[in-house]
Amino acid sequence: MMELVTGGSGSGKSAYAEQTLWGIFRSGSGRSRAGDRKEERGEKEPLLYYIATMPRRDRETEKKIERHRAMRAGKGFHTLEWYTDLECRLKSADCPPMEGAGVLVECLSNLTANEMYMENGAGERTTEAVVRGMIELKSRCAHLVVVTNDVFAESSEDTAEMKQYKENLGKINRALAELADRVTEVVYGMPRRVKSGPHASSEISPKGQPGTAERQQKTKRSDRRNMKLITGGAFQGKLAYAKNLYPGITWTDGKCCGLDEIRKCGAVYDFHVFVKRWLEEGRSREDLTGVILEENQDVIIVCDEIGCGLVPMDAFERKYREDTGRIMTALAESAERVDRVVCGIGERLR
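Residues numbered from 1 in each chain as written. Predicted model: local features only at pLDDT ≥ 70, side-chain atom pairs only at ≥ 80, totals over all residues. Heavy atoms only, no water.

## Observations concerning the overall build of the protein chain
When you go through the protein chain residue by residue, the secondary structure sums to 12 helices and 13 strands. Out of the 350 residues belonging to the protein chain, those deemed buried represent 50%. Summarising the internal contacts of the protein chain: among those between residues at least 6 apart in sequence, 70% fall at separations of at least 24. For the protein chain, the exposed surface amounts to about 17,000 Å²; the carbon and sulfur share of it is 48%. (Helix = DSSP H or I, 4+ residues; strand = E, 2+ residues; numbered from the N terminus. Buried < 20%, exposed > 50% of the residue type's maximum accessible area, 1.4 Å probe, protein only. Contact = heavy atoms within 4.5 Å. Areas by Shrake-Rupley, 256 points an atom, 1.4 Å probe, with all protein chains shown as cover.)

Laid out in structure tokens, this is it:
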């Protein structure tokens, strides 16, 4: 089984991917006859592999690596730091045996950049190299989960270099989506199935939560607030959709309202801009999440999805982008209802 997982920055896609693969093997459904034979022979190779594609460049990348290591600690993952040429590594004598194993690749966006720009990368052959590596990997293991990024929702004009990178990653994503048994998009911690294979379950149960159908039946859980969230790309008609869905509400403008208004307002739009202003004042994402969950549990929030573009060069912009995603993910977990608007058309995610 192969699953491709996509989503924006801070969306929770990595946690979903890791939890999905770990859950398969924890339940025993991922065990194969080959894995049973290994155990009978007393072999100790791990059943779970994590192929890390992010090189250690600076303290920022080191912190990301440390966070991901902490996420999978104690779950039996064996880390392989493979930055380029997966096909060659898989065919080398040093490659660990993967028959019957589960493999998580984190992630395609880094792997693509490595192949394009690293000295020993594939360069102009990047798309072919990455796809061939994934095909070889799929043929060797029992379960493969591959994480990629949605970096295709920017309004600014791309440089020639960025355009080529996006084109390569887009081709890779499409090729692997065709190859995969299922494709899942994660939006603020909520997975939605984009493609389901003939043997794939329609239920999605990250972090041990109920599947989609069961979640829909339990939207009034006692641990949920009356909060409503509306998200989507810029200029998609989110505010008009929200006003139609919730008429008679007084709306607060996140671009210019006082920061303390978030404690009591009934509804706020341009919430992503509000988050930026909050962070610029030196306040933390944890504080903002706590204020809303503890003091304004009935608020309606309209927020642009800003995590699907290329990673910004500026450190604050990177933090702002990721913090917005993580704030919305935390709020969505407790919200009564979450909607996503594309081209003026709303889809209820919860």
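## As for the sheet that holds strand β10 (residues 267–269)
Taken in spatial order, the 6 strands line up as β9-β10-β11-β8-β12-β13 in an open sheet, and their pairing is mixed. The outermost strands of the open sheet, each flanked by one partner alone, are β9 (252–253) and β13 (345–348). The strands touched by helix α9 (residues 238–245) within the sheet are β8 (228–232), β10, β11 (300–304), β12 (337–342) and β13, with β12 carrying the most contacts at an inclination of about 135°. (Pairing = 2+ DSSP bridges. Axes fitted to C-alpha atoms, helices over the stretch in contact; angles between N-to-C directions.)

## Focus on unusual backbone geometry
Note the cis peptide between glutamate 106 and cysteine 107, where omega equals -5°. With respect to the element layout, cysteine 107 can be found in the loop between β4 (102–106) and α5 (108–117). Of note, the phi angle at aspartate 85 is positive, near 55°, even though the residue is not glycine. Among the structural elements, aspartate 85 can be located in the loop between β3 (77–81) and α4 (86–91). Residues other than glycine seldom take positive phi values, yet aspartate 270 does so here, at roughly 55°. Relative accessible area serves as the criterion here: at 16%, aspartate 270 is assigned to the buried category.

## Some points on the side chain of glutamate 136
For glutamate 136, the location among the structural elements is in helix α6 (residues 126–140). Polar side-chain contacts of glutamate 136 include one of 2.7 Å to the side chain of arginine 140. Glutamate 136 has contacts with Glu87, Leu90 and Lys91, leaving out every residue within four places of it along the chain. (Polar contact = N/O pair within 3.5 Å; in protein donor to acceptor, adjacent residues only side chain to side chain.)

## Here we look at the environment of alanine 330
Within the secondary structure layout, alanine 330 lies in helix α12 (residues 315–334). C-alpha of alanine 330 to C-alpha of leucine 293: the two residues are 37 residues apart in sequence and 9.3 Å apart in space.

## Here's the deal with the environment of serine 334
For serine 334, the position within the fold is in helix α12. In this structure serine 334 comes out as buried when scored by relative accessible area, which is 10%.

## Points about the packing of helix α10 (residues 271–280) against helix α11 (residues 285–295)
Between α10 and α11, the least distance of the axes is 10 Å, while the angle of their chain directions is 125°. The angle between α10 and α11 places the two elements in the oblique class. In this structure, α10 meets α11 at a crossing whose hand is right-handed. Where α10 abuts α11, its residues Phe271, Phe274, Val275, Trp278 and Leu279 lie against Arg285, Asp287, Leu288, Val291 and Ile292. Grouping the amino acids of the contact of α10 with α11 by side-chain chemistry returns 8 nonpolar, no polar and 2 charged. (Parallel < 35°, antiparallel > 145°, perpendicular 65-115°, else oblique. Left-handed = near helix turned anticlockwise from the far one by under 90°. Nonpolar A, V, L, I, M, F, W, Y, C, P; charged D, E, K, R; others polar.)

## Comments concerning helix α7 (residues 160–179)
Under the 1.5 Å per step criterion, the end-to-end length of α7 is 29 Å for 20 residues, consistent within 8% with the ideal 28 Å. All of the buried residues along α7 are Tyr165, Lys166, Asn168, Leu169, Gly170, Ile172, Asn173 and Leu176. Structurally, α7 contributes buried residues whose contacts are with β1 (2–7), α5, α6 and β5 (143–147). (Expected span 1.5 Å × (residues − 1).)

## Here we look at the environment of arginine 132
Here arginine 132 shows up in helix α6. Residues arginine 132 and aspartate 85, spaced 47 residues apart in sequence, show a C-alpha to C-alpha distance of 9.2 Å.

## Digging into the packing of aromatic side chains
Applying the stated criterion across every chain, the model contains 3 aromatic pairs. Between phenylalanine 274 and tryptophan 278, the aromatic rings sit 6.1 Å apart at their centres with planes inclined by 35°, giving tilted as the arrangement. Linking phenylalanine 274 with tryptophan 278, this pair stays in helix α10, spanning 4 residues, or about one helical turn. Taken as a pair, phenylalanine 274 and tryptophan 278 share a single burial class, namely buried. Every member of this aromatic cluster is reached through a ring pair, and the members are Phe271, Phe274 and Trp278. (Phe/Tyr/Trp six-rings, centres within 6.5 Å; stacked < 30°, edge-to-face > 60°.)

## With respect to the side chain of glutamate 322
Inspection of the secondary structure assignment puts glutamate 322 in helix α12. Residues within four places of glutamate 322 in sequence aside, it is in contact with Ser9, Gly10, Lys64 and Arg67.

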